[in-house]
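# Observations on chain architecture
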Amino acid sequence: MNRLSRRTILAAAPSALVLASPFVARAKNYGPGVTDTEIKIGNTSPYSGPASSYGTIGKAQSAYYKMINEQGGVNGRKINFISYDDAYTPPKAVEMVRKLVEQDQVLFTAATLGTPTNSAIWQYMNQKKVPQLFVATGATKWDDPKGHPWTIGWQPNYQSEGRIYAAYILKEKPDGKIGVLYQNDDFGKDYVKGLKDGLGDKAKLVVLEASYETTDPTVDSQIVDMKAKGVDVFVNTAIPKFAAQAIRKTAEIGWKPLHVLASIGNSVAATLKPAGLDNAKDIVSDFYLKDPNDVQWKDDAGYKEWVAFMDKFYPEGDKSDAGNVYAPSNAATVVQVLKQCGDELTRENVIKQAASLKDFTVPMLLPGVKINTGATDFAPIKQVQMGKFDGTQWRLFGPLIAGAVT
């Protein structure tokens, strides 16, 4: 038997003590963009272009991370949120995201906004194995953990919303003639597919599918055409600029269909005010976040917390804009992921923790709406509630609804 020298025993003793101690912290493990004091997060938003009304989302996220930093950061690290303008154009999004990943060396991107822009960077982010967290778009394809394991959605997906609209229409106007206004890309087509799937054997009720391009000046001709063809149920899935045009034109020509407005366009500030609040009366839509214009929340703790955030960190932000509710709610989910990561701030652990959220909630989610993800579930929010605009504010009605996509 070999005899151990005294030197060997003494050399081994410290490591043995380390292994035996339950109080020794795990070693820190960092990916790109992380130090002991900082975490770099990238973002692109449409600060210009046809979807510039959504630009406030990027600004409000930046304000939210400023608040987090003032509170000490996440596990002692400040967030360096780097956001660039992509003008809602895919080529610009590709350019800016490559800059974020290759030059700025961000750990991941968060809430990059828009279906066409995220589609343009989708393959790149997955090839580079950079987490594309909580994209600010509801395209159904983001729930693809097997094919695209580095991209995860956040809001309810458009196909599920379309199915919910179908159920509402079948109840309220089962023999209606349906016209759909949609953006000519994956985002718009998702809504149309969900609507038709939800209608089932009554899909023939859809008599007109009118598309628009983001470069179009107006959608007036599509609205006039719908009225001329006898459409009496209007499903409006446009982004705020075109949704507002559609609402205003509907009123101008004296057309009064059952008007269903998609959640992506139901902001009072971004859509309804430009359209004219009186023109928007009786429109119905769906919600998963508290509408800041709804007086029922005035004494709600979550609403008060949001108001305090806006007053201190984004005072120039419009409190009637749903985008300013969306942004801190999405960003709070990012912060939760970082908390769960601890000191293992690698890209692999970031996406793992993003897919490990259980009944998480944030102050401005509707009561009962929870955020849940899993290894095979990259669709965090799955519930909505319907609401009707009364000329001043949205009024919620009915129960929470989940519109499953099969």
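Residues numbered from 1 in each chain as written. Predicted model: local features only at pLDDT ≥ 70, side-chain atom pairs only at ≥ 80, totals over all residues. Heavy atoms only, no water.

## With respect to the side chain of Ser263
When you line up the elements, Ser263 lands in the loop between strand 9 (258–261) and helix 9 (268–275). Looking at Ser263, the relative accessible area reads 15%, which means it is buried. (Helix = DSSP H or I, 4+ residues; strand = E, 2+ residues; numbered from the N terminus. Buried < 20%, exposed > 50% of the residue type's maximum accessible area, 1.4 Å probe, protein only.)

## Details of the environment of Met226
For Met226, the location among the structural elements is in helix 7 (residues 220–228). Spatially, the C-alpha atoms of Met226 and Val130 are 44 Å apart, while their sequence positions differ by 96 residues. Residues contacting Met226, with those up to four places away along its chain left out, are Gly179, Val180, Leu181, Leu208, Ala210, Val231, Phe234 and Trp255. (Contact = heavy atoms within 4.5 Å.)

## Examining the sheet that holds strand 5 (residues 132–133)
Taken in spatial order, the four strands line up as 3-2-4-5 in an open sheet, and their pairing is parallel. Edge positions in the open sheet fall to strand 3 (78–85) and strand 5, since each of these has one partner strand only. With two bridges joining them, strand 4 (residues 108–110) and strand 5 adopt parallel strand pairing. Residue pairing across strands places Thr109 opposite Gln132, the latter belonging to strand 5. Contacts between helix 3 (residues 90–103) and the sheet are confined to strand 2 (38–45) and strand 3, with strand 3 contributing the most and set at about 155° to the helix. (Pairing = 2+ DSSP bridges. Axes fitted to C-alpha atoms, helices over the stretch in contact; angles between N-to-C directions.)

## Focus: unusual backbone geometry
The backbone of Asn75 shows a phi angle near 50°, a positive value even though the residue is not glycine. For Asn75, a relative accessible area of 42% gives the class partly exposed. Phi is positive for Tyr88, close to 60°, though the residue is something other than glycine. Within the secondary structure layout, Tyr88 lies in the loop between strand 3 and helix 3. Since its relative accessible area comes to 5%, Tyr88 is described here as buried.

## Looking at helix 7
Of all the residues in helix 7, the buried ones are Gln222, Ile223 and Met226. Down the axis of helix 7, the buried set is contained in an arc of 100°. They therefore lie on one face. Turned more than 90 degrees away from the buried face of helix 7, the exposed residues are Ser221 and Ala228. Summarising the contacts, the buried residues of helix 7 are in contact with strand 6 (178–183), strand 7 (206–212), strand 8 (233–236) and helix 8 (240–252). (Arc of directions from axis to C-beta.)

## Section: the environment of Pro131
Within the fold, Pro131 resides in the loop between helix 4 (115–128) and strand 5. On the accessibility criterion, Pro131 (0% relative accessible area) is buried. A C-alpha to C-alpha distance of 8.0 Å links Pro131 and Glu348, two positions 217 residues apart in sequence.

## Details of the confidence of the model for the protein
Residues shown with low pLDDT carry predicted positions that ought not to be read at fine detail. With 93% of its residues at a pLDDT of at least 70, the protein reaches an overall mean of 93. Below pLDDT 50 for its whole length, residues 1–25 participates in two contacts with residues either more than four positions away or in separate chains. (pLDDT = per-residue confidence, 0-100.)

## Considering the packing of helix 10 (residues 301–313) against helix 11 (residues 323–341)
It is at 11 Å that the axes of helix 10 and helix 11 come closest, and there the two elements cross at 100°. If you check the angle between helix 10 and helix 11, you find them roughly perpendicular. Together, Trp306, Phe309 and Met310 of helix 10 and Asn324, Val325 and Pro328 of helix 11 make up the contact between the two elements. In terms of residue class, the contact of helix 10 with helix 11 is made up of five nonpolar, one polar and no charged. (Parallel < 35°, antiparallel > 145°, perpendicular 65-115°, else oblique. Nonpolar A, V, L, I, M, F, W, Y, C, P; charged D, E, K, R; others polar.)

## Remarks on the pairing of strand 2
The buried count for strand 2 comes to six of eight residues, which makes it a mostly enclosed element. Where strand 2 meets strand 3, eight bridges bridge the pair, whose relative direction is parallel. Counted as the bridge partner of Glu38 is Lys78 from strand 3. For the crossover that starts at strand 2, traverses helix 2 (residues 55–70) and ends in the parallel strand 3, the hand is right-handed. Bridge count for strand 2 against strand 4 is two bridges, and the pairing is parallel. Counterpart to Ile41 in the pairing with strand 4 is Phe108. (Right-handed = clockwise from strand over helix to strand, strands pointing away.)

## Some points on the packing of helix 2 against helix 10
At their nearest, the axes of helix 2 and helix 10 sit 10 Å apart, and the two run at 95° to each other. The pairing of helix 2 with helix 10 is recorded here as roughly perpendicular in orientation. For the pair helix 2 and helix 10, contact is made by Ala60, Ala63, Tyr64, Lys66, Met67 and Glu70 and by Phe309, Lys312 and Phe313, respectively. Grouping the amino acids of the contact of helix 2 with helix 10 by side-chain chemistry returns six nonpolar, no polar and three charged.

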